[in-house]
Amino acid sequence: MHVTVIGSGYVGTTIAACFAAFGHEVTAIDIDEEIVAALNDGRAPIAEPGLDDLLETHAGDRLTATTSYDAVPESDVTFLAIGTPSNEDGSIDLTALEGAAGATGEALARKSDRHLVVVKSTVTPPSIPDVLEPAIRAGADGNDAVEVGTNPEFLREGSAVADFRNPDKVVFGTRSAWATDRLAAVFEPVLDAETPVIDTDPQTAAMIKYANNAFLAAKISLVNDLGNICKEFGLDAYEVMDAVGLDDRISDQFLRSGVGWGGSCFPKDVDAIRAAAREGGYEPAMLEAAVEINDRQPARMIDLLEDHVALDGARIAVLGLSFKPRTDDVRNSRAIPVIEGLRERGADVVAYDPVAIEAMRARVPDIDYANAAEGALDGSDGAVVVTDWDEFAALDDEFDAMNEAVVVDGRRIVERREGITYEGLTY
Ligand code: NAD
């Protein structure tokens, strides 16, 4: 099949490379010329395990990148994988996606046979009939041969390629058997007997994505709430939750209390569905609480550090900047409120991350960055561990170079030992 993927960010690049690996002919479209050039060179514009290898193999062969929408009418199906960030009030900002939807429609205006446009981006259910379909149809000049579907994505950054190739579930939001069949043909290599396929309408499919992310975010917030209670009682939250996780109804995943959830999806998706719910007249109390607990964790971490270190004028090492390990994505990383909070209390911050320094420097240029964890720790008066990169687990003698070896561990990764004043965030 010939598949067009519009938007070459974390999701677009991953799915374009994987579709090429499935054997499809793929055109990746982005407005950013640097991204297009990188893809055509076989280089990933983002850090994601396995992506460079796929691009090196398929770029210039089954995968081509371009800024032009000309390939859209030639292809069998078009995926829209454009970012859907938040407006100031938390509601979904559809500006970029609406623009791409309109341009896709325009490219299809003169096509007479049926074409499927699939919204891969995470979008609130009402935005499909209210904003995106009208944008596509207006661009297509009323072309009825254009059909719109949704296919929400559940990949996780840091394991995006593996997740996309081995999904827990595949969700097709379509309005016809033809559209479902077309999606099934695209996904054929991953649709083995074990992969559940949910075949539903476009808005239900979109809601499944929000329900999924809202559930996970709320689960972590509940675990953090319980972890904070354990800390107050002097108990080990990990030991408690390991036992809780043996209950099949709960599962053992996502039970690690820590500094909270961040990234490019949970915060904005929880905000977007809260805003959409409120707009519809419903106050989502559980999600409000989940956000409040999440907002508190960075300050709790700093409070713990302040129990041991006078922060005004102190040099504090922040270890880990990406929102989770194995990615350079710092969007809504918990490192941001941690750094801000430390600076508000007068500390000088020196930060280190194995891959995310440049991404963080673009957002927070006026702190010190070290080339290695050792460099960040050397001479510092305290350290906070924000991201559970493996290399932080291997740190040992490096703590001896600190002025005061006080460590607040937000991810339970540093080994406790004599000579380190150690505080786990929730244990
Ligand atoms: P991103 O910001 O990394 O990438 C979006 C890309 O779209 C950018 O490269 C941008 O240049 C390009 N773009 C913007 N306007 C364009 C236009 N008019 N034409 C062509 N290209 C255009 O976004 P992302 O993280 O890949 O997320 C995309 C969507 O997928 C979002 O809705 C997100 O919520 C959802 N999602 C993301 C993840 C994730 O882990 N990142 C996981 C599941 C779902």
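Numbering of residues starts from 1 in every chain and runs along the sequence as written. Where local features are concerned, this predicted model is filtered to residues with pLDDT of at least 70; where side-chain atom pairs are given and counted, the filter is 80 or more; whole-chain, interface and lining totals use all residues.

**Observations concerning the overall build of the protein**
Which entries qualify depends on this criterion: Per the convention used, a helix needs a DSSP run of H or I reaching at least four residues, while a strand needs a run of E reaching at least two, with both numbered from the N terminus. Here the radius of gyration uses the C-alpha set of atoms, whereas the globule reference equals 2.2 Å times the residue count to the power 0.38. Here a residue counts as buried when 20 or more other C-beta atoms fall within 10 Å of its C-beta, as exposed when 12 or fewer do, and as partly exposed in between; the C-beta atoms come from the backbone. Two residues qualify as a contact pair if the distance between their C-beta atoms, derived from the backbone, is within 7 Å.
For the protein, the helix and strand inventory stands at 15 helices and 14 strands. Against the compact-globule benchmark of 22 Å for 427 residues, the protein has a radius of gyration of 23 Å, which places it among compact chains. Here the protein, with 427 residues, has 50% of them falling under the buried criterion. Here the contacts in the protein between residues at least 6 apart in sequence split such that 72% fall between residues at least 24 apart.

**Details of the UniProt feature "active site" (unreviewed entry) in the protein**
Defined as follows: UniProt positions are given in the numbering used here, feature names are shortened, and annotations may be inferred rather than shown by experiment.
UniProt feature "active site" (unreviewed entry): in the numbering of this structure it lies at C265. Take C265: it is sitting in the loop between α9 (237-244) and α10 (266-279).

**Let's talk about the UniProt feature "domain: UDP-glucose/GDP-mannose dehydrogenase C-terminal" (unreviewed entry) in the protein**
Residues annotated in UniProt with the feature "domain: UDP-glucose/GDP-mannose dehydrogenase C-terminal" (unreviewed entry) correspond here to residues 317-416. The annotated region residues 317-416 carries 26% helix and 18% strand content, and the separation between its end C-alpha atoms amounts to 17 Å.

**Some thoughts on the domain arrangement of the protein**
Put simply, the rule reads: Each domain span listed reflects an automatic or database assignment of domains.
Split by domain assignment, the protein resolves into domain 1 (2-198) and domain 2 (296-424). Placing the centre of domain 1 and that of domain 2 at their C-alpha centroids yields a distance of 37 Å. The interface is formed by 8 residues belonging to domain 1 together with 7 residues belonging to domain 2.

**Observations concerning the site of the ligand**
The line we're drawing: Only the C-beta atom matters for nearness: placed from the backbone, it must lie within 6 Å of the molecule or strand for the residue to count as near. Throughout this entry, Asp, Glu, Lys and Arg are counted as charged residues, while Ala, Val, Leu, Ile, Met, Phe, Trp, Tyr, Cys and Pro are counted as nonpolar. The remaining residues, Gly among them, count as polar.
Surrounding the ligand, one finds 27 residues, the nearest of these being G7, G9, V11, G83 and S121. Taken together, the elements giving at least two residues each to the shell around the ligand come down to α1 (10-22) and α4 (95-107). Here the shell around the ligand gets 4 residues from one element, more than from any other, and that element is α4. Each residue belonging to the shell around the ligand can be placed in one class, and the counts come to 13 nonpolar, 10 polar and 4 charged.

**Structural notes on the nonpolar core**
Keep this limit in mind: Buried Ala, Val, Leu, Ile, Met, Phe, Trp, Tyr and Cys residues whose C-beta atoms connect them within 7 Å together make up a nonpolar core.
Counting 86 residues, the largest nonpolar core has V5, I15, A16, A17, F79, L80 and L132 as the members making the most contacts within it. A total of 10 residues in this core trace back to one element, the largest contributor, which is helix α8 (residues 202-232). Among residues more than four places away in sequence, those in contact with A16 are V5, S8, V26, A28 and L63. In terms of nonpolar packing, the next biggest core, distinct from the first, is built from 44 residues, V318, V338, V350 and L425 among them.

**Here's the deal with the sheet that holds strand β12 (residues 382-385)**
For clarity, the threshold we go by: Pairing between two strands is assigned when DSSP locates at least 2 bridges connecting them. Helix axes use the C-alpha atoms of the stretch in contact, all axes being lines fitted to C-alpha atoms, and the angles between their N-to-C directions lie in the range 0 to 180 degrees.
If you trace the 6 strands from one edge of the open sheet to the other, you get β11-β10-β9-β12-β13-β14, paired in parallel fashion. Taken across any chain shown, the strands that pair with only one partner, and hence form the sheet edges, are β11 (368-369) and β14 (421-424). Bridge count between strand β9 (residues 315-319) and β12: 4 bridges; the pairing is parallel. Directly across from A317, in β12, lies its bridge partner A383. Contacting β12, β13 (406-409) and β14, helix α11 (residues 285-306) runs over the sheet at an angle of about 160° to β13.

**Describing the environment of M402**
Residue position: M402 is located in the loop between α15 (390-393) and β13. Owing to 22 C-beta atoms within 10 Å, M402 belongs among the buried residues under this scheme. Once the C-alpha coordinates of M402 and W389 are considered, the two residues, 13 residues apart in sequence, prove to be 20 Å apart. With residues near it in sequence (within four places) discarded, M402 still touches L377, S380 and A383.

**What about the confidence of the model for the protein?**
Low-confidence regions, as indicated by low pLDDT, have predicted coordinates that should not be scrutinised in detail. Quick note on the threshold: Confidence of the predictor at the level of single residues is given by pLDDT, which spans 0 to 100.
Across the protein, the average pLDDT comes to 96, with 100% of residues at 70 or higher. Model confidence for the complex: the whole-complex pTM is 0.93, and ipTM, which rates the interface, is 0.99.

**Re the pairing of β12**
Because side chains alternate across β12, one face comprises the buried residues G382 and V384, and the other comprises A383 and V385, equally buried. Where β12 and β13 come together, 3 bridges link them in parallel fashion. By the bridge assignment for β13, V384 is matched with V408.

**Things to note about the environment of K231**
Inspection of the secondary structure assignment puts K231 in helix α8. For the pair K231 and E423, spaced 192 residues apart in sequence, the C-alpha separation works out to 10.0 Å. For K231, the contacting residues outside a window of four places in its chain are A237, T426 and Y427.

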